[in-house]
Amino acid sequence: MNKTTFFAAVCISLGPVAGQAADKVHFEDDDFSGDGWSEFVEVPDTGGWEVIRRELGGLVQGRVQEVTLEGDGGLFLSAGRGSFASLFRSNGSIHAVRTRDGAQSLIDQADAGGSVSLRLGFDGAFFIYEYRTGEQWTRLAKSDILGVVPYTGGISTPNRAEGMSGYRVVELESLKGVRFGYTDTPKIPGTPWVVHDPFRPQPRQVHPGTMTPRDAPGAPPSDAIVLFDGTNLDAWEDGKGNAPKWTLRDGYFECGKKSGTIRTKQKFGSVQLHIEWASPSEVKGSSQGRGNSGVFLAGLYEVQVQDNYDNLTYPDGQASSLYGFRPPRVNASRPPGAWQSYDIIFEMPEFENGNVTRKARITVLHNGVLTQHGVEIPGMLGHKKTRPYREHGPGHIQLQDHGNPVRYRNIWIRELKPIQ
Ligand code: MG
């Protein structure tokens, strides 16, 4: 079989897959150095992660991805920046395939029927492909991925190259037993990903430390406009300019059933915004259905609010993401019910004759941890779509009603005026 017919056969022949991924592993680019890498393995039932430092060349085989198959199926692994490895069985033959910048190459293949285990690893410089039909693991191939380190890593990723898009992703589907994200959405400008791509690498979960927020709300800077000090909702209105329906409680306010999105009475342009929020302590739902709200800058650009503590969703839609565009650098979420903070610096886009001459920029610290740094926003953000800029001026700060009882407190804002 030549390569062309081989790939065509893969697309149409994949049947149901039996088996579960053995391990769940996140890679992280920040800790990469020339002599090693770090592997993040979730510790079951704790919500925590074990960090294992690996030396280059010291791959612990089988720790990365593993699956046992009775039928056809396989594994994918992303090394970031358009490089993928895949190891799968189709028509009784195991294939080791590497993809780089959209170009596929078949590294090796072997015949194997019956029950077979596959494992696919990455040691920072090489993909390692192995299979087992009995007791012994057999190395099928080892392939370099020159040009992609430092890598961005991530969980199992499908081969998005042409002709392979129908391939089944075993590891991702078994990760949590829930599906999330979209694959039929437009491509995000300047990225290889589509809007809400479930296969975009997941940000690593970090512990945000204890710098902010404090147990009790702090005091705003003296030149800040206080939007909520715990006592009243005077600075807020609903979408029609009426009194907001969110419930004021002891020092915070909360979104109720059909409360509707609320907004500041005042419009703002470029700002520094401090806001604290908490998702419900009682966990209900998953993915986007869990503790979802959002902070909209200029009424248009959403910094997602969501409970993403041990809750997977598409990376460009999780807490501290720029919704529909950019995942946070890390997942600095606190547990459900805990107060969390955003410090957002938003710079307005500039327009000339209706055309954008300077795109909006945004910086976000989530619980004091930098998650977006001077990020240029490519256009108008939204659910399942991308849109070009349209000229706009200052807008309301909006808080989204997404049907979950999310709470807010201690909200203040400083307008950023040009320095003389
Ligand atoms: Mg939202």
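Residues numbered from 1 in each chain as written. Predicted model: local features only at pLDDT ≥ 70, side-chain atom pairs only at ≥ 80, totals over all residues.

## A short note on the overall build of the protein
The secondary structure content of the protein amounts to two helices and 28 strands. Expressed as a percentage of its 420 residues, the buried residues of the protein come to 43%. (Helix = DSSP H or I, 4+ residues; strand = E, 2+ residues; numbered from the N terminus. Buried ≥ 20, exposed ≤ 12 C-beta atoms within 10 Å, placed from the backbone.)

## Brief notes about the environment of Trp277
By the secondary structure assignment, Trp277 is in strand S18 (residues 271–278). When neighbours within four sequence positions are excluded, Trp277 is seen to be in contact with Ser293, Val305, Gln340, Val406, Arg407 and Tyr408. (Contact = placed C-beta atoms within 7 Å.)

## What to know about the environment of Gly393
With respect to the secondary-structure elements, Gly393 resides in the loop between strand S26 (369–376) and strand S27 (395–399). Taking C-alpha positions, Gly393 is 9.3 Å from Phe351, a pair spaced 42 residues apart along the chain.

## Considerations on the environment of Phe268
If you trace the backbone, Phe268 turns up in strand S17 (residues 262–268). The class of Phe268 is buried, set by 22 C-beta atoms lying within 10 Å. Between the alpha carbons of Phe268 and Gly393 there is a distance of 8.6 Å; along the sequence they are 125 residues apart. Setting aside residues up to four positions removed in sequence, Phe268 forms contacts with Ala298, Pro394, Ile397, Ile413 and Glu415.

## Focus: the nonpolar core
In terms of nonpolar packing, the biggest core is built from 45 residues, with Ile275, Val295, Tyr301, Leu322, Ile344 and Tyr408 touching the most fellow members. Dropping the residues within four chain positions of it, Leu322 is found in contact with Tyr301, Val303, Ile362, Gln372, Val375, Ile377 and Leu381. (Core = buried A, V, L, I, M, F, W, Y, C linked by C-beta atoms within 7 Å.)

## Details of the confidence of the model for the protein
Reading fine detail from the predicted coordinates is not recommended where pLDDT is low. Averaged over the protein, the pLDDT score is 75; the fraction of residues at 70 or greater is 68%. Every residue in residues 54–63 scores below 50 in pLDDT, and together they form 27 contacts with partners more than four places removed in sequence or on other chains. This model gives residues 146–178 a pLDDT under 50, and the stretch forms 96 contacts once residues within four places in sequence are excluded. (pLDDT = per-residue confidence, 0-100.)

## Looking at the sheet that holds strand S19 (residues 293–297)
The strand order across the open sheet formed by five strands is S14-S17-S27-S19-S20, and the pairing between neighbours is antiparallel. Strand pairing shows two members of the sheet lacking a second neighbour, strand S14 (236–238) and strand S20 (301–305), which therefore form its edges. Sheet twist, expressed as the mean angle between neighbouring strand axes with direction ignored, is 30°. Pairing of S17 with S27 involves four bridges; the strand directions are antiparallel. Following the sheet pairing, Lys267 is matched in S27 by His396. (Pairing = 2+ DSSP bridges. Axes fitted to C-alpha atoms, helices over the stretch in contact; angles between N-to-C directions.)

## Comments concerning the pairing of strand S22 (residues 340–347)
Examined bridge by bridge, S18 and S22 share seven bridges and lie antiparallel to one another. Within S22, the position partnered with His274 by the bridge is Asp343.

## Thoughts on the pairing of S26
Summarising the sheet, strand S25 (residues 361–366) and S26 pair through five bridges and their orientation is antiparallel. Pairing of Leu365 across the sheet is with Leu370, part of S26. If you look at the hairpin formed by S25 and S26, you'll find two residues sitting between the two strands, and Asn367 has a positive phi there, around 55°.

## Some words on unusual backbone geometry
Even without being glycine, Lys384 reaches a positive phi, approximately 65°. Within the secondary structure, Lys384 is located in the loop between S26 and S27. Assessed through the 12 C-beta atoms surrounding it within 10 Å, Lys384 is described here as exposed.

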